[in-house]
Amino acid sequence: MDPYADTLRRLREAFSTGRTRPAEFRAAQLKGLRRFLQENKPLLQEALAQDLHKTFSWHTMCDSIKSTKPVNHGSQVTEGETESVFDADVSELIICQNEVDLVLRNLHTWMKDEYVAKSLVLSLDSAFIRKEPLGLVLIIAPWNYPVHLTLMPLVGALAAGNCVVLKPSELSKGTEKVLAEVLPRYLDQSCFAVVLGGPQETGQLLEHKFDHIFFTGSPRVGRIVMAAAAKHLTPVTLELGGKNPCYVDDDCDPQTVANRMAFYRYFNSGQTCVAPDYVLCSPATQERLVPALQSAITRFYGDDPQSSPSLGRIISDKHFQRLRGLLGCGRVAVGGQSDESERYIAPTVLVDVQETEPVMQEEIFGPILPIMNVRSLDEAIDFINRREKPLALYAFSNSKEVVTQMLDRTSSGIFGGNQGFAHLSLPSLPLGGVGNSGMGRYHGKFSFDTFSHHRASLLSSSGLEKLNEFHYPPYTNLRQQLIGWALGSHSCTLL
Ligand code: NAD
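Residues numbered from 1 in each chain as written. Predicted model: local features only at pLDDT ≥ 70, side-chain atom pairs only at ≥ 80, totals over all residues. Heavy atoms only, no water.

Asker: Residues and numbers for the overall build of the protein, please.
Answerer: Secondary structure summary: the protein contains 17 helices and 18 strands in total. In terms of C-alpha radius of gyration, the protein reaches 26 Å, essentially the compact-globule figure of 23 Å for 495 residues. Every one of the 495 residues in the protein was classed for burial, and the buried ones make up 53%. For the protein, restricting intrachain contacts to residue pairs at least 6 apart in sequence, the fraction spanning at least 24 positions comes to 71%. Accessible area of the protein: about 22,100 Å², with a carbon and sulfur share of 54%. Within the protein, one finds 48 positive and 54 negative side-chain charges whose respective centroids are separated by 6 Å. (Helix = DSSP H or I, 4+ residues; strand = E, 2+ residues; numbered from the N terminus. Rg over C-alpha atoms; globule rule 2.2 N^0.38 Å. Buried < 20%, exposed > 50% of the residue type's maximum accessible area, 1.4 Å probe, protein only. Contact = heavy atoms within 4.5 Å. Areas by Shrake-Rupley, 256 points an atom, 1.4 Å probe, with all protein chains shown as cover. Lys, Arg positive; Asp, Glu negative; His and termini not counted. Charge placed at Lys NZ, Arg CZ, Asp CG, Glu CD.)

Okay, here's the thing in structure tokens:
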């Protein structure tokens, strides 16, 4: 018994009627999605609290709003509350709303046929790129930003006029429930479905043919998805992870670097695909950086980070145990505490780490930051280039030359010079990996393009046959010269 066959057949039938194609239909779906986000904000916040322990952010925010006074938790200052609201709301909900609004503002322009340059031979024809929907697309999401990473691709898929099957992560159960039970009410259910399940169910789902698969998750599962897609020659977008290096030059202000690094490393308890994964710096810079990181951590999360409302928890027992194991690598310079009952891992800095240790072999995906020593920029670049191409790469230096060298001599999905993953707030920049960190890109117009087929279209008159005569065989010298002249530099288009 195939549990998906009926749903997929229904969606395919709906697509074949052409109802998802008009701009009005697409806009109506996007407006439905926006209403879902607006009307279910408390429900989504509760779900996020349940999944990633953003409980404090929500309740603290409520307390703060009710009392209209700043709430103070012992040593915590009110910036903590602001940041936790930022964490849950901005990184999950507001970013999706902004994406919907951006697409609604631009949909008509993006959908327009794109007229292109022509050769003299085809000057009377009409040459353009038609953006057409791909058909039935599957979106598979991870748990770490369970609303954001499920709905952001959905915005692009709906905008491009597709029918969609959404498969949220089974690990973020609270969010999965809201997406499965509430979201479909806001969308046309003949064109949209949520499917639940873990590896086994997703494996079964992947046996079916889709017109595109958009997967966000680990490189290991990315390979499984790509192998399944290959059976149907289905194109894939793979938004994967990996180890993101962060080079810190001797010429830097350690406190500034530490503030930025700690913010981006410990945001969402380090469970961010584009977070700095490890630091490369000289022993002298490490000496200055470690106390600065300690100071930044205390400033952000207080003397007892476990009671901080701004720090989340680890998603599952399995990931907690994995991360606790990594605390045994190198030497703990900051943090190192853990509490199994809450799946709490303290913001941690490790030093004296060896390249062969597990913390330098696997993506950390938790609040642990190892520092590896290198003697120079060249050694750091060699180290990075010997490894798989990362999703994100960061370089911190007062010298523009050093940052530029890192950018010019390495490759990664995204790059930050004296910056963390603030890229994500700019829909004008694509998000996507390279090599082992993925293929394809999305956000803003990049999402619309990812979920659209760019159909090369050339419309000619049914008359004016005389104009074609000169390129039909037999090829005399004169004809060949004429063709060469008429095609000019576009001669290869004849092929
Ligand atoms: P995962 O690969 O374990 O799971 C992702 C999705 O795949 C889930 O929906 C899960 O149900 C499904 N899945 C798991 N095993 C499967 C299998 N054997 N067959 C078919 N489907 C399967 O990833 P995760 O633990 O949810 O997320 C963490 C990973 O995702 C990290 O590597 C992180 O870097 C990456 N990530 C990347 C981005 C990005 O934008 N590039 C964003 C977030 C997370």
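Picking up after the structure, the text goes on.
Asker: Break down the sheet that holds strand 4 (residues 163-167) for me, with residues and values.
Answerer: Judged by pairing direction, the sheet is mixed, and its 6 strands sit side by side in the order 5-4-3-6-7-17 without closing on themselves. Among the strands making up the open sheet, the edge pair consists of strand 5 (192-194) and strand 17 (438-439). With 4 bridges connecting them, strand 6 (residues 212-216) and strand 7 (residues 236-239) associate as parallel partners. Bridging across to strand 7, threonine 216 finds its partner in glutamate 239. (Pairing = 2+ DSSP bridges.)

Asker: Could you give an account of the site of the ligand, naming the residues involved and the relevant values?
Answerer: Lining the immediate surroundings of the ligand are 26 residues, of which Ala141, Glu170, Ser218, Leu240 and Glu363 lie closest. Alanine 141 has a polar backbone atom sitting 2.7 Å from an oxygen atom of the ligand. The separation between an oxygen atom of the ligand and a polar side-chain atom of glutamate 363 is 2.5 Å. Protein burial of the ligand: of its 840 Å² of free accessible surface, 92% is covered by the chains. Looking at the shell around the ligand, the elements that each hand over two or more residues are helix 8 (199-205), strand 6 and helix 9 (219-230). (Near = heavy atom within 4 Å. Polar contact = N/O pair within 3.5 Å; in protein donor to acceptor, adjacent residues only side chain to side chain.)

Asker: Tell me about the pairing of strand 8 (residues 245-248), residues and numbers included.
Answerer: On strand 8, burial covers both faces: Pro245 and Tyr247 on one face and Cys246 and Val248 on the other are all buried. In terms of strand pairing, strand 8 meets strand 9 (residues 278-281) through 3 bridges, oriented parallel. Residue pairing in the sheet places cysteine 246 in a bridge with valine 279 of strand 9. In the classification by handedness, the crossover that spans strand 8, the intervening helix 10 (residues 254-266) and the parallel strand 9 is right-handed. Here strand 8 runs beside strand 15 (residues 392-396); their pairing, made up of 3 bridges, is parallel. Paired with valine 248 across the strands is phenylalanine 396, a residue of strand 15. (Right-handed = clockwise from strand over helix to strand, strands pointing away.)

Asker: Requested: an account of the pattern of salt bridges, with residues and values cited.
Answerer: The full count for this structure, using the stated rule, is 21 salt bridges. Between aspartate 89 and lysine 41 there is a salt bridge, with the nearest N and O atoms lying 3.9 Å from each other. One end of the pair, aspartate 89, is in helix 5 (residues 79-111); the other, lysine 41, is in helix 3 (residues 41-52), with 48 residues separating them in the sequence. Residue classification places aspartate 89 among the buried residues on the basis of a relative accessible area of 5%. Ionic pairing is found between arginine 322 and glutamate 362, a salt bridge with its closest N-O pair at 3.1 Å. Here arginine 322, found in helix 12 (residues 317-326), pairs with glutamate 362, found in the loop between strand 13 (348-351) and strand 14 (368-373); they are 40 residues apart in sequence, far enough to count as distant. (Salt bridge = Lys/Arg side-chain N within 4 Å of Asp/Glu carboxyl O.)

Asker: Break down the nonpolar core for me, with residues and values.
Answerer: Within the largest apolar cluster, 89 residues are counted, with the highest numbers of intra-cluster contacts made by Phe36, Leu151, Leu154, Leu183 and Val274. When residues of this core are assigned to their parent elements, the largest contribution, 9 residues, is made by helix 5. Leu280, Ile314, Val374 and Val402 belong to the second-largest nonpolar core, a separate cluster that totals 29 residues. (Core = buried A, V, L, I, M, F, W, Y, C linked by side-chain atoms within 4.5 Å.)

Asker: Run through unusual backbone geometry, naming residues and quoting values.
Answerer: Keep in mind that most residues, glycine aside, have a negative phi and that most peptide bonds are trans. Residue proline 473 is joined to proline 474 through a cis peptide bond whose omega torsion reads 0°. Positionally, proline 474 belongs in the loop between helix 16 (466-469) and helix 17 (477-487). Positive phi, normally seen in glycine, also occurs at aspartate 352, with a value near 55°. Of note, aspartate 352 is situated in the loop between strand 13 and strand 14. Take aspartate 352: its relative accessible area is 41%, and that puts it in the partly exposed class. With a phi angle near 100°, histidine 443 is a residue other than glycine that sits in the positive phi range. Within the secondary structure, histidine 443 is located in the loop between strand 17 and helix 15 (444-450). Relative accessible area serves as the criterion here: at 2%, histidine 443 is assigned to the buried category.

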